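For reference, the chains in residue letters:
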Amino acid sequence: MKNLKGNKKILIPVLSLVIGIVLVMLPLFMGDYVIHVMNQIGIIIILVSSLNLIVGYTGQLSFAHVGLFAVGAYTSAILTTAYGLSFWMALPLGALAAAMIGFLIGLPSLRFQTHFFAIVTLAFAEIIRLAIYNGGSLTGGPNGIYSIPFPNDILGLDFTQRGNFYYIIWVAAAVTVLSIYLITRSRVGREMIAIRENETFAKFIGIDTWKVKIISFTISAFFAGFAGGLYAHYNSFISPFSFEVSESVTYLLMVIIGGMGTILGPILGAIFLLILPELLRSINDYRMIIYGAMLVLTIMFLPGGFVGLYRNMKSRLLERKPALKSLKIKPEIRKVEEEN
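The numbers attached to residues start from 1 for each chain and follow its sequence in the written order. Restriction of local features to residues with pLDDT of at least 70 applies here, the model being predicted, together with a cutoff of 80 or more for giving and counting side-chain atom pairs; totals for whole chains, interfaces and linings are based on all residues. Water and hydrogen atoms were dropped before computing side-chain values, which therefore reflect all heavy atoms in the structure.

Okay, the nonpolar core next. The criterion is simple. A nonpolar core is a set of buried Ala, Val, Leu, Ile, Met, Phe, Trp, Tyr and Cys residues joined through side-chain atoms within 4.5 Å. Partly exposed residues are those whose accessible area sits between 20% and 50% of the maximum for their type, while under 20% is buried and over 50% is exposed, using a 1.4 Å probe and protein chains only. Of all hydrophobic cores here, the largest spans 75 residues; its most connected members are Leu230, Ile238, Phe243 and Tyr251. Numbering of helices and strands runs from the N terminus; a helix is a DSSP stretch of H or I covering at least four residues, while a strand is a stretch of E covering at least two. A total of 13 residues in this core trace back to one element, the largest contributor, which is helix H2 (residues 32-57). When residues no more than four places from it in sequence are discounted, the contact partners of isoleucine 238 are Ala73, Tyr74, Ala77, Asn143, Gly144, Ile145, Ile148, Tyr231, Ala232 and Phe243. Judged by nonpolar contacts, the second largest core, of nine residues, contains Leu53, Ile180, Ile195 and Ile207. Residues count as neighbours in contact if any of their non-hydrogen atoms are within 4.5 Å of one another.

See below:
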């Protein structure tokens, strides 16, 4: 057992280093289209990892993240196009704006439980989209905002090129995932998990459940807005149609199918569900039907997602090993049996 733990401690850093080297070298060998898909995956990993904080770790089913994603995108876009701020200033301000809106949404919403909370957050997401749609010249209305500037050059890197913007996105994704990992390992993170498992018992042992939930919702909103700012500046165009409420189902499915309440789950879910449409372009009109069916099937037959499936397979293998060892006949016993 000690050897297994020691090997695990060595394996994880080595594996992380290998993955990091592969991600750094990828733009040098892949074409623009592959890099574009990778950039979209990186942005959505930030978004669904933040959604996992409130859904997977705190146990609150939220549909508001697509609206918070839009708040970050529009705030950063407006600050750069209308007020001349640089990308490096507008991006964190957009994230803070999303965190503030998330806090205000959470104040009334988190008073509700289960499906009532989900319905209220769904309503707020639609309110944000309609506010953007009817925002006039400030938000561009249904036409959206064009010519959103790219980041200023750093160290000679031209970020108008997708291969260079790739590094901003994936560094941001790595920082987000690491931040969420540290949050979930903190005292607040343990309190989130306690609320998810049994909110009544969490109250009984003295946890201020509403306070923990509002902290979780606000932090997740911050990272959703952060993802939105990256999305706006990378694509250089946004419109209300990029943030429709139906997209909430897709983001939620990424968390569920990957594995709720795990760090790796949303990453796997985002990769799978962003690559899948590329493979099913011929039936793109049926995308939401396919996603809905996948959501139902995942909940019914694979509640733990990809990560849960891996853990189940691993536990079964470990259970089989002692049984296999017990079936082996010791050499001394075999020798006696042969003599007889």
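Glancing now at the packing of helix H3 (residues 65-81) against helix H9 (residues 209-235). Structural elements are reduced to axes, namely lines fitted to C-alpha atoms, with helices fitted over the stretch in contact, and the angle between N-to-C directions of any two is expressed from 0 to 180 degrees. Running from amino to carboxyl end, H3 crosses H9 at an angle of 50°, the nearest separation of the two axes being 7 Å. In terms of orientation, H3 lies oblique with respect to H9. Crossing of H3 over H9 shows right-handed handedness. Two secondary-structure elements touch here, H3 through His65, Leu68, Phe69, Gly72, Ala73, Ser76, Ala77 and Thr80 and H9 through Ser220, Ala221, Ala224, Gly225, Ala227, Gly228, Gly229, Tyr231, Ala232 and His233. Side-chain classes are defined by residue name, with Ala, Val, Leu, Ile, Met, Phe, Trp, Tyr, Cys and Pro counting as nonpolar, Asp, Glu, Lys and Arg as charged, and the others, Gly among them, as polar. Residues belonging to the contact of H3 with H9 are distributed by class as follows: nine nonpolar, nine polar and no charged. Roughly parallel covers angles under 35 degrees, roughly antiparallel covers those over 145, roughly perpendicular covers 65 to 115, and oblique covers all other angles. By definition, any crossing whose near helix is turned counterclockwise from its far helix by less than a right angle is left-handed, and any crossing with a clockwise turn is right-handed.

Before going further, it helps to examine the packing of H3 against helix H4 (residues 87-109). Here H3 crosses H4 at 140°, and the two axes come no closer than 8 Å. Seen along the crossing, H3 lies across H4 with a hand that is right-handed. Between H3 and H4, the residues in contact are Leu68, Val71, Gly72, Thr75, Ser76, Leu79 and Thr80 and Phe87, Ala90, Leu91, Leu93, Gly94, Ala97, Ala98, Ile101, Gly102 and Ile105, respectively. Of the residues in the contact of H3 with H4, the class split is eleven nonpolar, six polar and no charged.

Right, let's talk about a nonpolar patch on the surface for a bit. Each patch is built from residues lacking any salt bridge and having more than 30% relative accessible area; the joining distance is 9 Å for like charges and 5 Å for nonpolar side chains (Val, Leu, Ile, Met, Phe, Trp, Tyr). Here the open area of atoms and residues is found with the Shrake-Rupley method and a 1.4 Å probe, where only the protein chains shown may cover a residue. Here, a salt bridge means any side-chain nitrogen of Lys or Arg that lies within 4 Å of a carboxyl oxygen of Asp or Glu. Together, Leu17, Ile21, Val24, Met25, Leu28, Phe29, Met30, Tyr33 and Val34 give the surface a local cluster of nonpolar side chains, amounting to about 900 Å² of exposed area. With six residues, helix H1 (residues 2-29) is the largest single contributor of residues to the nonpolar patch. Its location among the elements puts methionine 30 in the loop between H1 and H2. The exposure class of methionine 30 is partly exposed, given its relative accessible area of 38%.

As enumerated under the stated definition, the model contains four salt bridges in all. Between arginine 187 and glutamate 191 there is a salt bridge, and its shortest N-O distance comes to 3.5 Å. One end of the pair, arginine 187, and the other, glutamate 191, are both in helix H7 (residues 187-197), four residues apart, so they sit about a helical turn from each other. Judged by its relative accessible area of 62%, arginine 187 falls in the exposed class. Measuring nitrogen to oxygen at the nearest pair gives 3.0 Å for the salt bridge that ties lysine 213 to glutamate 199. Of the two residues, lysine 213 sits in helix H9 while glutamate 199 sits in helix H8 (residues 199-204), which places them 14 residues apart along the sequence. Comparing lysine 213 with glutamate 199 shows no difference in burial state: the two are buried.

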